[in-house]
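Below are the chains, spelled out letter by letter.
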Amino acid sequence: MTQQSTDQPAGQGTFAGMPQRLYAASPSRLLAYLDCPRRYRLQYLDRPKPKAAPQRAHTSLGIAVHNALRDWWDVPVEQWSVDRAHALVAASWVDVGFRDAAMSRRWLRTAQQEVTDYLRGIAPGNRPVGIERTVSVRTGTVALTGRIDRLDDRPTSDGGRALVVVDYKTSRRPSTVDELRTSLPMAMYAVAVAGMFKRPCVDVELHHVPTGTVARHRHTAESLDRKVGEVESIAVDLRRADADYRERGVESDQFPPQVSALCGWCDFRAHCPEGSSHVPERAPWAALEPDDSGGT
């Protein structure tokens, strides 16, 4: 979920002594700026917004899997079946980004099998307390809003209960504990959940649907505080960059391209000479199957 900044538009003043508005954003907006300031500008600031590349195959697959896992909890337990799981994946499937129809059908079958295998490990009684739940947190600097895939309320070994933030992953590479430990969005979702439910929330998990593996991490109060500080620091930089853009537009020097291998995947590479000349564009299906440019 993306939110526009609540900063005052250029030319609109404020009264002396008025507190500065919080910088409104989503984790994806913050990370877009860290990954590449140029892509951030193209995606969030330029108007009219530059045309993005068509949806890629791995995105089509990921949407279908996430939708199926979301809708599974609306199915009565007595109707839980392999056929129903397959039908949920098929209902959200779109033939976008694949090399051809045969490739799309092959990956539809793969996604259906992966979702079915994953759901076998879910007991009917372990009903989440939140599915596709929008959460938000406010600090002294930023108002952060995002959406979590799943929120569990589980019993603990000492007889208590714990809130656990769950995020689904559909990439071909399994998720790692280090990836989870350093994840800014997952930490901030835990902070937001704790504030909204008035209960501690320190446990986060990445569920890799293709393999059924789970990466788990338990934050401390100190590690969550560090992530809050990181978010506030990025928000300060973004407020400054956004203000400079309002003054100077595309002439602003706050949005240099961060060229890397990711330029081959960028949805806005057609509008970035530096990125488009740095590496060849990856085929729309390259994240699922190799392409001529060495995709994996």
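The structure we're discussing is the one just above.
In this report, the structure presented in the accompanying data block is examined. All values reported here derive from a predicted model rather than from experimental measurement.

So, how was this worked out
- Residues numbered from 1 in each chain as written.
- Predicted model: local features only at pLDDT ≥ 70, side-chain atom pairs only at ≥ 80, totals over all residues.
- Heavy atoms only, no water.
- Helix = DSSP H or I, 4+ residues; strand = E, 2+ residues; numbered from the N terminus.
- Buried < 20%, exposed > 50% of the residue type's maximum accessible area, 1.4 Å probe, protein only.
- Contact = heavy atoms within 4.5 Å.
- Lys, Arg positive; Asp, Glu negative; His and termini not counted.
- Charge placed at Lys NZ, Arg CZ, Asp CG, Glu CD.
- Axes fitted to C-alpha atoms, helices over the stretch in contact; angles between N-to-C directions.
- Parallel < 35°, antiparallel > 145°, perpendicular 65-115°, else oblique.
- Left-handed = near helix turned anticlockwise from the far one by under 90°.
- Nonpolar A, V, L, I, M, F, W, Y, C, P; charged D, E, K, R; others polar.
- Pairing = 2+ DSSP bridges.
- Salt bridge = Lys/Arg side-chain N within 4 Å of Asp/Glu carboxyl O.
- Core = buried A, V, L, I, M, F, W, Y, C linked by side-chain atoms within 4.5 Å.
- Phe/Tyr/Trp six-rings, centres within 6.5 Å; stacked < 30°, edge-to-face > 60°.

1. Focus: the overall build of the protein chain
Helices and strands together make up the secondary structure of the protein chain, namely 9 helices and 6 strands. The buried share of the protein chain, taken over its 296 residues, is 47%. The long-range share in the protein chain, meaning contacts at least 24 apart out of those at least 6 apart in sequence, stands at 63%. Positive and negative charge centroids in the protein chain, built from 39 and 37 side chains respectively, lie 2 Å apart.

2. As for the packing of helix α2 (residues 37–45) against helix α8 (residues 221–248)
Interhelical geometry of α2 versus α8 gives an angle of 65° and a closest axis separation of 12 Å. The angle between α2 and α8 places the two elements in the roughly perpendicular class. The two elements α2 and α8 meet at a crossing, and its hand is right-handed. For the pair α2 and α8, the contacting residues are Tyr40, Arg41 and Leu45 in the first and Leu238, Asp242 and Tyr245 in the second. Looking at side-chain class alone, the contact of α2 with α8 contains 4 nonpolar, no polar and 2 charged residues.

3. Structural notes on the environment of proline 256
Within the secondary structure, proline 256 is located in the loop between α8 and α9 (273–278). On the basis of relative accessibility, which here comes to 41%, the residue proline 256 falls in the partly exposed class. Taking the C-alpha atoms as reference points, proline 256 and leucine 119, 137 residues apart in sequence, are found 44 Å from one another. What proline 256 contacts, discounting residues up to four positions off in sequence, is Cys36, Pro37 and Arg38.

4. Things to note about the pairing of strand β5 (residues 203–208)
Within β5, 6 of the 6 residues are buried, leaving the element largely enclosed by the surrounding structure. Strand direction decides the pairing type here: strand β4 (residues 161–169) and β5, joined by 6 bridges, are parallel. Within the sheet, the bridge partner assigned to lysine 169 lies in β5 and is histidine 208. Looking at chain direction, β5 and strand β6 (residues 213–218) are connected through 6 bridges and run antiparallel. Bridge pairing in β6 links histidine 207 to valine 214. Where β5 folds back on β6, the antiparallel hairpin that results is connected by 4 residues, among which glycine 212 adopts a positive phi of roughly 75°.

5. Observations concerning helix α1 (residues 27–35)
Within the span of α1, buried status applies to Pro27, Arg29, Leu30, Ala32 and Tyr33. Buried residues along α1 sit against β1 (23–25), α2, β3 (142–155), α7 (184–197) and α8.

6. Notes on the side chain of glutamate 205
By the element assignment, glutamate 205 lies in strand β5. Residue classification places glutamate 205 among the buried positions, given a relative accessible area of 5%. In contact with glutamate 205, other than residues within four places in its own chain, are Arg154, Val164, Val165, Val166, Asp167, Leu180, Met186, Val214, Ala215 and Arg216.

7. Examining the pattern of salt bridges
The full count for this structure, using the stated rule, is 25 salt bridges. When the shortest N-O distance is used, the salt bridge between arginine 70 and aspartate 71 registers 2.7 Å. On the basis of relative accessibility, which here comes to 22%, the residue aspartate 71 falls in the partly exposed class. Here glutamate 289 and arginine 99 are joined by a salt bridge, their closest N and O atoms 3.5 Å apart. Note that glutamate 289 is positioned in the segment after α9 and arginine 99 in the loop between α4 (82–91) and α5 (101–119), a separation of 190 residues in sequence. One network of salt bridges, with partners in common, ties together Arg150, Asp152, Arg154, Glu205 and Arg216.

8. A short note on unusual backbone geometry
Excluding glycine, a negative phi dihedral is what most residues carry, and trans is how most peptide bonds are arranged. Residue proline 48 follows arginine 47 across a cis peptide bond; omega there is 0°. On the secondary structure map, proline 48 appears in the loop between α2 and α3 (57–71). Not every positive phi belongs to a glycine, and glutamate 132 is a case in point at roughly 50°. Tracing the sequence through the fold places glutamate 132 in strand β2 (residues 130–138).

9. Here's the deal with the nonpolar core
Judged by nonpolar contacts, the single largest core of 39 residues is most densely connected at Tyr40, Leu144, Val165 and Val193. Here this core takes 9 residues from α7, the largest share from any one element. Ranked by size, the runner-up nonpolar core spans 31 residues in total, among them Ala57, Phe98, Val166 and Ala286.

10. Examining the packing of aromatic side chains
Under the counting rule described, the total for this entry stands at 8 aromatic pairs. Taking the centre distance of 4.8 Å and the plane angle of 40° together, the rings of tryptophan 72 and tryptophan 80 count as tilted. Given a relative accessible area of 4%, tryptophan 72 falls into the buried group. Following the ring pairs from residue to residue traces out a cluster consisting of Tyr33, Tyr40, Tyr44, Tyr245 and Phe255.

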